[in-house]
Amino acid sequence: MSVSSPRTAADFAAYYQLRYTVLRAPWQQPPGSERAPDDDDPTTLHALLRYATPNGPVVAVGRVHPSAPGQAQVRFMAVDPAYQGRGLGRQVLAFLEAGARQQGLTECILHARATAVPFYEAAGYAVVAPSHTLFGNVPHFLMRKALH
């Protein structure tokens, strides 16, 4: 298994489907809410991980983009619940951080759901402050990590 950027229309369809299934559907959000206006920006890097084979199911996704001078922001990290706890999210995050470094970015921020804070802390991120509450009941925390 290796992480790559989606290349084909089918890759992007599977990528967005996992984003929707994990990050929006559980809160009854409409299809399309998993997309962001800057998804198509040339500096936005998308990542997907297929399970077992190059044509296997997409089981983990995420994206990173420049958010301020020298700063990257990770968004839309999602791992299929059936595959969580296998290190797949760590692989996607490492891919995104490497892509941010290649763009010359030196710091990465993200807004983690409360349930994901321990995952990001294990990856070297620190909580900066409470952030926002999504869908009225999903608290988030601003987290930061220096990219060396």
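Everything below is about the structure printed above this text.
So, how was this worked out
Residues numbered from 1 in each chain as written. Predicted model: local features only at pLDDT ≥ 70, side-chain atom pairs only at ≥ 80, totals over all residues. Heavy atoms only, no water. Salt bridge = Lys/Arg side-chain N within 4 Å of Asp/Glu carboxyl O. Helix = DSSP H or I, 4+ residues; strand = E, 2+ residues; numbered from the N terminus. Buried < 20%, exposed > 50% of the residue type's maximum accessible area, 1.4 Å probe, protein only. Contact = heavy atoms within 4.5 Å.

A. Here's a closer look at the pattern of salt bridges. In total, this model carries 7 salt bridges according to the counting rule given. In this structure, R63 and D39 form a salt bridge, with 2.6 Å as the shortest nitrogen-oxygen distance. One end of the pair, R63, is in strand β3 (residues 58–68); the other, D39, is in the loop between α1 (9–23) and β2 (45–50), and 24 residues separate them in sequence. You can call R63 buried: its relative accessible area is 0%. D39 sits in the buried class, given a relative accessible area of 5%.

B. Spatial organisation of the side chain of D11. Along the chain, D11 turns up in helix α1. Take D11: its relative accessible area is 13%, and that puts it in the buried class.

C. Looking closely at the environment of A146. Structurally, A146 is set in strand β7 (residues 138–146). Since its relative accessible area comes to 41%, A146 is described here as partly exposed. Taking the C-alpha atoms as reference, A146 lies 4.4 Å from E107; in sequence the two are 39 residues apart. The contacts of A146, once residues within four sequence positions are left out, are T106 and E107.

D. Spotlight on the environment of L105. Positionally, L105 belongs in the loop between α2 (88–102) and β5 (107–113). A C-alpha to C-alpha distance of 23 Å links L105 and S2, two positions 103 residues apart in sequence. Leaving out residues up to four positions away in the same chain, L105 has contacts with P66, G70, Q71, A72, A100 and L147.

These values are about where atoms sit, not about what they do.
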